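Structural features, examined
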Amino acid sequence: MSAPAISVRGLTRRFGTEVAVDDLTFDVEPGEVVALLGPNGAGKTTTVRMLNGVLRPDAGSCHVLGLDPAADGDAVRRRTGVLTENAGLDDRLTALENLVLYARIRGLDGDVAATRGAELLERFGMGPRASSLVQGFSTGQRRRVALARALLHEPEVLFLDEPTSGLDPEATRAVVELIASLAREHGRTVILCTHFLGEAGQLSDRMAVLQRGRLVAFGRPAELGEELWPGLAVDVELAGPADEAVLAWLRAVEGVVDVESQPSGAQVRVTGRDRVPAVVAALVAREVAVYAAVPRPPTLEDVYFGLTTEEGFGR
């Protein structure tokens, strides 16, 4: 089994008396996309800064590609790419000049940097603005240039902080497709910090949920959802809301653990997908018209809000 691309053990960081990151422990496998989720102030950005060697931890340790960012920050940054919430571009330079300057600092040949930079700008719809000063760029245009810059040296690990913030729908789709391609086809490891839960659900293999600096949960959304809500929810569409007789018939079906009436029928929670035919058969046997029975596994949004409510926190 290969070594983790990122390994975190007891990672802690304080700012004065405030604990920003509190005893984090998790691993990220090579080629995996992990969504780092949580409300503002949860510790996501501080965690990424420690993983990239910008901040030193007060306790614990972390390793990226086998390197300690606190001791080997330059070596880590040569093999990683970072997109921060603030693009940090030089307004006095053009889009392409910003990329080439960054590449030269990273040790890339100037001609190679110019060619690769132009290709990335074109990919993000910024090719026509490659020779324009970034001073007049919109937030979305700056975001695209900054993302191109983060990818320029072909990093093995990417830290992306709100990569689609400020982008229009077309650019957002291009960025989402690129992130998926980097992980699935090119084996890059990605840490994705985002408030867009649909985007995180589309891209991530696992999710790490932070709350007040602590790791509330880490795992695949389906597995975490099973911990929160045992069984599988199934929407059963009927001619109208299920009455007491229908609810009683459903509760009597083997494998049904919960039932509640809905405006369009009923929601039934069963022990597994294999119990859905029995639910339908029980109703049909009593001449109840069933228009649909649709399994509803929990979405990443369901899991996230289930974990970050007062009831879910600290389970």
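Our structure's up above, just so we're on the same page.
The rules we used
Residues numbered from 1 in each chain as written. Predicted model: local features only at pLDDT ≥ 70, side-chain atom pairs only at ≥ 80, totals over all residues. Heavy atoms only, no water. Helix = DSSP H or I, 4+ residues; strand = E, 2+ residues; numbered from the N terminus. Buried < 20%, exposed > 50% of the residue type's maximum accessible area, 1.4 Å probe, protein only. Contact = heavy atoms within 4.5 Å. Areas by Shrake-Rupley, 256 points an atom, 1.4 Å probe, with all protein chains shown as cover. Lys, Arg positive; Asp, Glu negative; His and termini not counted. Charge placed at Lys NZ, Arg CZ, Asp CG, Glu CD. Pairing = 2+ DSSP bridges. Axes fitted to C-alpha atoms, helices over the stretch in contact; angles between N-to-C directions. Polar contact = N/O pair within 3.5 Å; in protein donor to acceptor, adjacent residues only side chain to side chain. Salt bridge = Lys/Arg side-chain N within 4 Å of Asp/Glu carboxyl O. Phe/Tyr/Trp six-rings, centres within 6.5 Å; stacked < 30°, edge-to-face > 60°. Lys NZ or Arg CZ within 6 Å of the ring centre and 35° of its normal. 1 Å grid on protein atoms, 1.4 Å probe; cavity = no way out; pocket = protein on both sides within 12 Å on 5 of 7 lines; lining within 4 Å. Points joined across faces, edges and corners; volume = space filled by probe spheres on them. Nonpolar A, V, L, I, M, F, W, Y, C, P; charged D, E, K, R; others polar.

Before going further, it helps to spend a moment on the overall build of the protein chain. When helices and strands are tallied, the protein chain shows 11 helices and 13 strands. Seen through its C-alpha atoms, the protein chain measures out along the principal axes to roughly 75 × 45 × 40 Å. Taken over 315 residues, the protein chain has a buried fraction of 47%. For the protein chain, the proportion of contacts with a sequence separation of at least 24, taken over those separated by at least 6, is 67%. Carbon and sulfur atoms provide 48% of the accessible area of the protein chain, an area that totals close to 15200 Å². Both charge centroids of the protein chain, one from 33 positive and one from 44 negative side chains, sit 5 Å from each other.

Here we come to the sheet that holds strand S3 (residues 33-37). Sheet strands line up and pair through hydrogen bonds in the backbone, either parallel or antiparallel. Reading across the sheet, the six strands line up as S5-S6-S7-S3-S8-S9 and stay open at both edges, with mixed pairing between neighbours. On the outer flanks of this sheet lie strand S5 (80-83) and strand S9 (214-219), each paired with one strand and no other. Neighbouring strand axes in the sheet, compared pairwise and without regard to direction, differ in orientation by 15° on average. Note: strand S8 (residues 206-211) against S9, five bridges, orientation antiparallel. Bridging across to S9, Ala208 finds its partner in Phe218. In the packing of helix H1 (residues 44-51) onto the sheet, the strands contacted are S3, strand S6 (157-161), strand S7 (189-193) and S8, and the crossing angle to S3 comes to about 135°. Across the face of the sheet, helix H8 (residues 221-228) comes into contact with S8 and S9 while running at roughly 110° to S9.

The next point concerns the side chain of Ser204. For Ser204, the position within the fold is in the loop between helix H7 (197-203) and S8. Residue classification places Ser204 among the buried positions, given a relative accessible area of 11%. For Ser204, the side chain forms a polar contact with the main-chain oxygen of Ala200, separated by 2.6 Å. Those residues in contact with Ser204 that sit more than four places away from it in its chain are Val33, Ala35 and Leu300.

Bridge count for strand S10 (residues 232-237) against strand S12 (residues 265-270) is six bridges, and the pairing is antiparallel. Residue pairing for S12: Ala233 is matched across the bridge by Arg269. Bridge analysis of strand S11 (residues 256-262) against S12 gives six bridges, and the strand direction is antiparallel. Each residue of the ladder has a partner; that of Asp258, found in S12, is Arg269.

What follows deals with unusual backbone geometry. Look at Leu65: it is not a glycine, yet its phi comes out positive at around 55°. Overall, Leu65 belongs to the partly exposed group, its relative accessible area being 22%. Even without glycine at this site, Arg212 takes up a positive phi of about 55°. Tracing the sequence through the fold places Arg212 in the loop between S8 and S9.

Once that is clear, we can look at the pattern of salt bridges. Scanning all chains against the criterion turns up eight salt bridges. Across the pair Asp27 and Arg9 runs a salt bridge whose closest N-O atoms are separated by 3.0 Å. One end of the pair, Asp27, is in strand S2 (residues 18-28); the other, Arg9, is in strand S1 (residues 6-15), with 18 residues separating them in the sequence. Here Asp27 falls in the partly exposed class, since its relative accessible area comes to 22%. The salt bridge involving Arg142 is made with Asp91; its shortest N-O contact spans 2.6 Å. Taken together, the residues Arg142 in helix H5 (residues 139-151) and Asp91 in the loop between S5 and helix H3 (95-105) connect sequence positions 51 residues apart. Residue Asp91 is classed as partly exposed on the basis of its relative accessible area, which comes to 31%.

Here the focus is the packing of aromatic side chains. Tallied over the full model, the rule gives two aromatic pairs. Summarising the aromatic geometry, the rings of Tyr304 and Phe305 are spaced 5.2 Å apart at their centres and angled 75° between planes, so their arrangement reads as edge-to-face. Taking NZ or CZ as reference, Arg149 lies 5.8 Å from the ring centre of Tyr102, over its face.

So, on to the layout of surface pockets. Counted as a void, the largest pocket has a volume near 500 Å³. Surrounding the largest pocket, 24 residues form its lining, Val82, Leu83, Thr84, Asn86 and Arg149 being those nearest its centre. Those elements that place two or more of their residues in the lining of the largest pocket are H1, S5, H3 and H5. Ranked by residues supplied to the lining of the largest pocket, first place goes to H3 with four residues. A per-class count over the lining of the largest pocket returns 10 nonpolar, seven polar and seven charged.

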